[in-house]
Amino acid sequence: MSDPTGADAPEPTRPDPTRPDPARPDPARPDDARPDDAGRGTAERRAADHGSPRPHPAGAGWSAPGPDDDLADAVSPGVAVPDADAALELMLRLVGPERAGPPALWFALLDADRRLLPVVLPISDVPLRPDAAAARQIVHVLASVLEQEPPGGGVVVAVVRAAGGDHGSFERAWAHALLLAATDRALTVAAVVAVGEHRARVLPV
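Reading guide: rules and limits
- Residues numbered from 1 in each chain as written.
- Predicted model: local features only at pLDDT ≥ 70, side-chain atom pairs only at ≥ 80, totals over all residues.
- Heavy atoms only, no water.
- Helix = DSSP H or I, 4+ residues; strand = E, 2+ residues; numbered from the N terminus.
- Buried < 20%, exposed > 50% of the residue type's maximum accessible area, 1.4 Å probe, protein only.
- Contact = heavy atoms within 4.5 Å.
- Pairing = 2+ DSSP bridges.
- Axes fitted to C-alpha atoms, helices over the stretch in contact; angles between N-to-C directions.

1. A word on the environment of Ala104
Within the secondary structure, Ala104 is located in strand β1 (residues 104-110). Take Ala104: its relative accessible area is 4%, and that puts it in the buried class. Here the alpha-carbon distance between Ala104 and Ala162, two residues 58 residues apart in the chain, equals 9.7 Å. Setting aside residues no more than four positions away along its own chain, Ala104 makes contact with Ile123, Ser124, Val126, Ala158, Val159 and Val160.

So, in structure tokens, the structure goes:
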């Protein structure tokens, strides 16, 4: 799991569109390909690209560099997430085939109208026992992004593992740790869902 607890972990910032991003291909050079293209689309690739949790800045869209580079085909920002059932459907579409992978946490941010912001944070290599300090740091990062938006936004959480998708000890423990950290930070958790390879459900909040 990427360590989000470091004291020097950078706060999320909005990208400067006037400065080039060396991590993305230059559109003026068609033959300029990223050497790690073959590894894109896996939770491990996304986590490795980002040493600390740094979700997309709100308003940047899926095109901005970040851990959700390949989500454009899964769901569009702005989609309404009015209730828990819609939250479950949203996270199933975002997680996609990675529901069969190793334990992971996924976070999607919503605006005050419960519409999806262009901010998704997947974290892979999650330990089976939650780390309270890591949970607090993740929540801090997400809350900091929402502070840049009008008040009233929230987050949808997915606790993912291949054998999960129900009220297992892994799911309950991580849900509890994240909800506790969210309460301390006054972050609204719209829904927590458990996602496994063959089943998925909404967990009580």
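Read on for the rest.
2. Some remarks on the sheet that holds strand β5 (residues 200-203)
Spatially, 5 strands are ordered β2-β1-β3-β4-β5 in an open sheet, and the strand pairing comes out mixed. The sheet is open, and its two borders are formed by β2 (116-124) and β5, each paired with just one other strand. The mean angle between the axes of side-by-side strands here comes to 20°, regardless of whether they run parallel or antiparallel. For strand β3 (residues 154-160) and strand β4 (residues 189-195), the ladder comprises 6 bridges, and the chain directions are parallel. Counted as the bridge partner of Val160 is Val195 from β4.

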